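Each chain, written out:
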Amino acid sequence: MPDFQAILEHIYQDAVIASDKGTVASYIPELAHIDKNNFGIHLRTSDGNDYGVGNYNKPFSIQSISKVLALSKAIALIGEGTWKRIDVEPSGHPFNQLALLEIENGIPRNPLINSGAIVIADILISNLKNPKEDFLNYVRDLTGDETINFNKDVAHSEKVTGFKNYATANLLKSFNNLNNPVEDVLDFYFHQCAIEMTCQQLTKAFFFLANKGICMLNKTRLTKSQAKRINALMLTCGFYDEAGEFAFEVGLPGKSGVGGGIVALLPDHFVITTWAPGLNKKGNSKLGMLTLEQFTSKTKLSIF
Ligand code: DON
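Keep in mind it's a predicted model, so treat the numbers as computed, not measured. (Residues numbered from 1 in each chain as written. Predicted model: local features only at pLDDT ≥ 70, side-chain atom pairs only at ≥ 80, totals over all residues. Heavy atoms only, no water.)

A.B. asks: How do you make sense of the overall build of the chain when you look at a structure like this?
C.D. replies: When its secondary structure is counted, the chain shows twelve helices and eight strands. Across the 304 residues of the chain, 58% fall into the buried class. Sequence-distant contacts, at least 24 apart, represent 69% of the contacts inside the chain between residues at least 6 apart. (Helix = DSSP H or I, 4+ residues; strand = E, 2+ residues; numbered from the N terminus. Buried < 20%, exposed > 50% of the residue type's maximum accessible area, 1.4 Å probe, protein only. Contact = heavy atoms within 4.5 Å.)

Okay, here's the thing in structure tokens:
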């Protein structure tokens, strides 16, 4: 078995001195203050061992990483019905692109771009009694940690500046692919994205996807086939127009967020989370991508 702690420390030391750490997302004003020198890595192996380096216990805005957890909750609630309203193809375009949605009559390409995640938010609102509270509790249950919460300032910051998401939701509504009011759906979506978690908490929350759909902490579970499908979507769509590059360099299903986090996993082996807030031009963490490429190269652990 590789010496995971030594490997993580080595990768961390090499990456932390990079002169170009990318650019912190500023289109959500509240995220613009985050120091791009933050850098953390956390790994949990299937035999339950934990390894961490740097700021792996510091909470950050999970942003689009939440889309995977929202999708898993929607699948748990309505199963195959999810796919009547969303496709499962990579978009090859940025996460907030609108053109394809219009060309394809309001059916989002996949649930991990913004349009697809907004339809998932609509499904959750229709199927949860207290949507925001119930979703937060779902994330807390997956993690076994009651301290996880929304950052309301981040949610508000996106609410007053997220014009492209309003355009997306309105376009979905015009194609009858939203059942709830645009304001309600986006309020839920902005809160879901504004959940703050640490690398360690995210690793725990995603563990069920590396464990055939079964969460070790409680009764939360998907079927093996549902977990397989979510992992397939992360591999093909988790990095938007950089999904090919991530598969090519890293070779794992994964999901990024503009808060600078990335979660990636190898079924039956491990979950790994990185946080480095500086992003590359496609909106994915620059050091995070580098770290994961190094990790799978050094350990030779990938799905390929
Ligand atoms: O909707 C948005 O633009 C953000 N709340 C989430 C975008 C995001 O994290 C894209 N991922 N890399």
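Moving on from the coordinates now.
A.B. asks: Before we go on, may I ask you to explain the nonpolar core in this structure?
C.D. replies: Note on soluble globular proteins: their nonpolar side chains tend to be buried together. One finds Phe135, Ile195, Phe206 and Leu209 to be the most contacted residues of the largest nonpolar core, which totals 61 residues. Ranked by residue count, the leading element in this core is helix 4 (residues 114–127), at eight residues. Setting aside its immediate chain neighbours within four residues, phenylalanine 206 contacts Ile65, Val68, Leu69, Met234, Val263, Leu265 and Val271. Membership of the second largest hydrophobic core comes to 27 residues, among which are Phe4, Leu8, Ile262 and Leu287. (Core = buried A, V, L, I, M, F, W, Y, C linked by side-chain atoms within 4.5 Å.)

A.B. asks: Help me understand the site of the ligand, please; the structure alone is not making it clear to me.
C.D. replies: Lining the immediate surroundings of the ligand are 15 residues, of which Tyr27, Gln63, Ser64, Tyr189 and Val258 lie closest. Within the side chain of serine 64, one N or O atom sits 2.6 Å away from an oxygen atom of the ligand. At a separation of 2.8 Å, an oxygen atom of the ligand approaches a polar backbone atom of valine 258. Coverage of the ligand by the protein amounts to 99% of the 340 Å² it exposes when considered alone. Residues that form the shell around the ligand fall into these classes: six nonpolar, eight polar and one charged. (Near = heavy atom within 4 Å. Polar contact = N/O pair within 3.5 Å; in protein donor to acceptor, adjacent residues only side chain to side chain. Areas by Shrake-Rupley, 256 points an atom, 1.4 Å probe, with all protein chains shown as cover. Nonpolar A, V, L, I, M, F, W, Y, C, P; charged D, E, K, R; others polar.)

A.B. asks: I tried to follow the pattern of salt bridges on my own but got confused; where do I start?
C.D. replies: Between side chains of opposite charge, a pair can form as their charged atoms come close. A full pass over the atoms with the stated rule returns eight salt bridges. For aspartate 20, the salt bridge is made with lysine 286, and the minimal N-O distance between the two is 3.6 Å. Of the two residues, aspartate 20 is situated in the loop between helix 1 (4–16) and strand 1 (40–45) and lysine 286 in helix 12 (residues 286–299); the sequence distance between them amounts to 266 residues. Among the residues examined, aspartate 20 registers a relative accessible area of 45% and is labelled partly exposed. (Salt bridge = Lys/Arg side-chain N within 4 Å of Asp/Glu carboxyl O.)

A.B. asks: Sorry, what's going on with the sheet that holds strand 1 here?
C.D. replies: The strands that make up a sheet are held in pairs by hydrogen bonds between backbone atoms, and each pair lies either parallel or antiparallel. One open sheet accounts for five strands, arranged 2-1-8-7-6; its pairing is antiparallel. Only two strands of the sheet have a single neighbouring strand rather than two, namely strand 2 (50–54) and strand 6 (254–256). Sheet twist, expressed as the mean angle between neighbouring strand axes with direction ignored, is 10°. Bridge count for strand 6 against strand 7 (residues 261–266) is three bridges, and the pairing is antiparallel. (Pairing = 2+ DSSP bridges. Axes fitted to C-alpha atoms, helices over the stretch in contact; angles between N-to-C directions.)

A.B. asks: Just to check I follow, could you spell out empty space enclosed by the protein for this structure?
C.D. replies: Empty space among the atoms becomes visible once a probe the size of a water molecule is rolled across them. Applying the stated rule across the entire model yields three cavities of 30 Å³ or more. The calculated volume of the largest cavity comes to roughly 80 Å³. If you go around the largest cavity, you meet 13 residues; those closest to its centre are Gln97, Leu100, Leu101, Ile113 and Ser115. Across the lining of the largest cavity, the residue classes tally to seven nonpolar, four polar and two charged. (1 Å grid on protein atoms, 1.4 Å probe; cavity = no way out; pocket = protein on both sides within 12 Å on 5 of 7 lines; lining within 4 Å. Points joined across faces, edges and corners; volume = space filled by probe spheres on them.)

A.B. asks: Any chance you could explain helix 5 (residues 131–143) here in plain terms?
C.D. replies: Since the α-helix packs 3.6 residues into each turn, any two residues three or four apart lie on the same face. For helix 5, built from 13 residues, the straight-helix expectation of 18 Å at 1.5 Å per residue is met to within 8% by its first-to-last C-alpha distance of 18 Å. Residues of helix 5 that are buried: Pro131, Phe135, Leu136, Tyr138, Val139, Arg140, Leu142 and Thr143. Contacts from the buried residues of helix 5 go to helix 2 (66–78), helix 4, strand 4 (149–150), helix 8 (182–193), strand 5 (195–197) and helix 9 (199–205). Of the residues one or two after helix 5, glycine 144 is the one with positive phi, at around 70°. (Expected span 1.5 Å × (residues − 1).)

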